[in-house]
Amino acid sequence: MSATSYSGVVSQTKLLGSNLNCSTHRRFPTSCRLSEGSQDLEKSTSRVFLSSCSSTSDKKNGMLLGRSHCCSPIEKRNPVGQTFCSVGVCTHSGVDVESNSHATEERIGVLLLNLGGPDTLDDVQPFLFNLFADPDIIRLPRLFRFLQKPLAKLISVSRAPKSKEGYASIGGGSPLRKITDEQADALKMALEAKNMPVNVYVGMRYWYPFTEEAIQQIKRDRITRLVVLPLYPQFSISTTGSSIRVMQNIFREDAYLSRLPVSIIKSWYQREGYIKSMADLIEKELTIFSKPEEVMIFFSAHGVPVSYVENAGDPYKDQMEECIYLIMQELKARGTFNEHTLAFQSRVGPVQWLKPYTDEVLVELGQKGVKSLLAVPVSFVSEHIETLEEIDMEYKELALESGIENWGRVPALGCTSSFIMDLADAVIEALPSATAMSTSRNTSEAVDQDPMRYVIKMFFGSILAFVLLLSPKMLVAFRNKLF
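Just so you know, these numbers come straight off a predicted model, no measurement behind them.

Scoring rules and cut-offs
Positions within a chain are numbered from 1, following the residues in the order the chain's sequence is written. Reporting of local features is limited, given that this is a predicted model, to residues whose pLDDT is at least 70; pairs of side-chain atoms are given and counted only at 80 or more, and all residues count toward the totals for whole chains, interfaces and linings. Excluded from the side-chain calculation are hydrogens and water; included are all heavy atoms of the structure. Numbering goes from the N terminus for both helices and strands, where a helix is a DSSP run of H or I of at least four residues and a strand is a run of E of at least two. Partly exposed describes any residue whose relative accessible area lies between the buried limit of under 20% and the exposed limit of over 50%, with all areas from a 1.4 Å probe on protein chains only and scaled to the type maximum. Every residue pair with non-hydrogen atoms within 4.5 Å of one another is taken to be in contact. Using a 1.4 Å probe, accessible areas were evaluated by the Shrake-Rupley method; residue-level cover was limited to the displayed protein chains. Salt bridges are defined by distance alone: a side-chain nitrogen of Lys or Arg within 4 Å of a carboxyl oxygen of Asp or Glu. Each direction from the helix axis to a C-beta atom contributes to the arc, which is the arc of those directions. The rule is short: rings of Phe, Tyr and Trp, with Trp giving its six-membered ring, pair when the centres are within 6.5 Å, and they are stacked under 30 degrees, edge-to-face over 60, tilted in between. Whether a charge sits over a ring comes down to the Lys NZ or Arg CZ being within 6 Å of the ring centre and within 35 degrees of the ring normal. Axes, fitted as lines to C-alpha atoms, cover a helix only where it is in contact. Angles between the N-to-C directions of the axes lie from 0 to 180 degrees. Under this scheme an angle from 65 to 115 degrees is roughly perpendicular, one under 35 degrees roughly parallel, and one over 145 degrees roughly antiparallel; angles in between are oblique. For any pair of crossing helices, the crossing counts as left-handed if the nearer helix is rotated counterclockwise from the farther one by less than a right angle, and right-handed if it is rotated clockwise. Note that Gly is not counted as nonpolar here; it falls among the polar residues with everything else outside the nonpolar set of Ala, Val, Leu, Ile, Met, Phe, Trp, Tyr, Cys and Pro and the charged set of Asp, Glu, Lys and Arg. Two strands qualify as a pair provided DSSP detects at least 2 bridges between them.

Draft legend 1. Fine view of the overall build of the protein chain. When helices and strands are tallied, the protein chain shows 14 helices and 17 strands. For the protein chain, buried positions account for 53% of its 483 residues. Expressed as a percentage of contacts within the protein chain between residues at least 6 apart in sequence, the contacts between residues at least 24 apart total 80%. Counting every atom, the protein chain has about 21600 Å² of accessible surface; 55% of that belongs to carbon and sulfur.

Written out as structure tokens, the structure is:
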């Protein structure tokens, strides 16, 4: 297979040798390449547009940078089929893909899942709408789920001005798409170096290129086996879970996709390559301090509401704590015995989120006399607004104001060689377990289609909507937007 379908368009790339070397930058990592070796592997990679539609850069016509936006995000995301998990890898029960009467060339695909981010300041409000319209982000009672979009509109309109300020401070948009494309390039090259030619696709949850678009390209390319690799080390129903439910919903409705063998790597925080890569970055940053042994290692992870963990059984908190333990054990094995702590950032809304909170812990550490601190964004493998603005700007300023004198921050893994190589190994290990997804509907969807239940939801939901829309806060938000 000489052509690889991606989420965008790149120029030809020359592969040299068998080892992956990537130079990374704190803000915008550079492209990855294979080097070191006497033999040149003359291979070219190219990207195929995400649609057969004609390409244009005019977003008003539904296009963006050569990719078609013919597919819009799907609203229902209910899991289907029985899932079997072992060591972070999930396969789904079902029948094998029917083979043609003649021999068919095997086409292996890898789908990278990520959050997505606005490319420009004008994209911020619609990006936030997509985010809050996800029922895995704002979990409304079943009776009021038809209010999901109106509520998302309300929240996105009110939060957009502040969010725009944040994105403006890091260059006017999120670098997540660019970095994820580079990781896709690097993973493809790493797999080819391991004698596994693949098509690598990028699917974003809340912005272009959407997961739906990537899946349609997978179908057009007639992929015969697929490995799904979320770029979230730890599993959460609000990240990996949400993307997988979108994928399951699409596969269930398509005869070809429903028979496609799929293996989902649900989490990979415990992999040796990931742990060692994190330890490498931490060790490197510690050497910058004048007294490395006195530095507090401060792990900051994205938070989730407590209800996700306590009521919905989200394993995120347990996996995060185990991840920190494994990283610190690796550091201790290397002779690094610094103190460490874990806190959770990025909480929004009035509900209780996982504690302790990053901002509160920074103040407490300053009051306790901690003078040197190294921030480690442990739940992020790419630089984006929560590392570049929230950690590098907001939390750094707070730490210095609280008495911490020496501040450092470990960069996200990006295209780090050992990290990409470990992801390639994870794909290879997961591929043999790929099986087809089930196409059966679950009972919750059948309940949603009951006419009487729909009428009851509309009646009581309309009353709630009337109350919400007339609240002073909501009226102010819309007045500010309109005027």
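Draft legend 2. Local environment of the pattern of salt bridges. According to the stated counting rule, one finds 22 salt bridges in the structure shown. For Arg139, the salt bridge identified is with Asp136, shortest N-O distance 3.8 Å. Looking at Arg139, the relative accessible area reads 43%, which means it is partly exposed. For Glu253, the salt bridge is made with Arg252, and the minimal N-O distance between the two is 2.8 Å.

Draft legend 3. A look at helix 9 (residues 358-367). The complete set of buried residues in helix 9 reads Thr358, Val361, Leu362, Leu365 and Gly366. Buried residues along helix 9 cover an arc of 135° about the axis, so they all sit on one side. Gly369 lies just past helix 9 and shows a positive phi near 95°.

Draft legend 4. Representation of the packing of aromatic side chains within the structure. Within this structure, the stated rule accounts for 5 aromatic pairs. With a centroid separation of 6.4 Å and an interplanar angle of 70°, the aromatic rings of Trp207 and Phe210 are classed as edge-to-face. We note that Trp207, like Phe210, is buried. Between Trp268 and Phe419 the ring centres are 5.8 Å apart and the planes differ by 40°, which places this aromatic pair in the tilted class. In this pair, Trp268 sits in the loop between strand 12 (261-265) and helix 6 (272-286) while Phe419 sits in helix 11 (residues 417-430), placing the two residues 151 residues apart along the sequence. Residue Trp268 is classed as buried on the basis of its relative accessible area of 1%. Classification of Phe419 by relative accessible area gives buried; the value is 1%. Through a chain of ring-to-ring contacts, three or more aromatic side chains come together here, namely Trp207, Tyr208 and Phe210. A cation over a ring is seen here: Arg139 above Tyr308, with NZ or CZ 5.4 Å from the ring centre. A cation sits over an aromatic face here: Lys266 above Phe235, 4.3 Å from the ring centre.

Draft legend 5. Focus on the packing of helix 4 (residues 211-220) against helix 5 (residues 240-252). For the pair helix 4 and helix 5, the least separation of the axes is 10 Å and the interaxial angle reads 40°. Taken together, the axis directions place helix 4 and helix 5 in an arrangement best described as oblique. Considering the relative orientation of helix 4 and helix 5, their crossing is right-handed. Between helix 4, through Glu212, Ile215 and Gln216, and helix 5, the contact on the second element is made entirely by Val246, Met247, Ile250 and Phe251. For the contact of helix 4 with helix 5, the per-class residue count stands at 5 nonpolar, 1 polar and 1 charged.

Draft legend 6. Seen up close, the pairing of strand 12. The buried fraction of strand 12 amounts to 5 of the 5 residues, a majority that puts the element mostly inside the structure. Going residue by residue along strand 12, you find Pro261, Ser263 and Ile265 tucked away on one face and Val262 and Ile264 tucked away on the opposite face as well. When strand 11 (residues 225-230) meets strand 12, the two strands line up parallel, connected through 3 bridges. When the bridges of strand 12 are listed, Leu226 appears paired with Val262.

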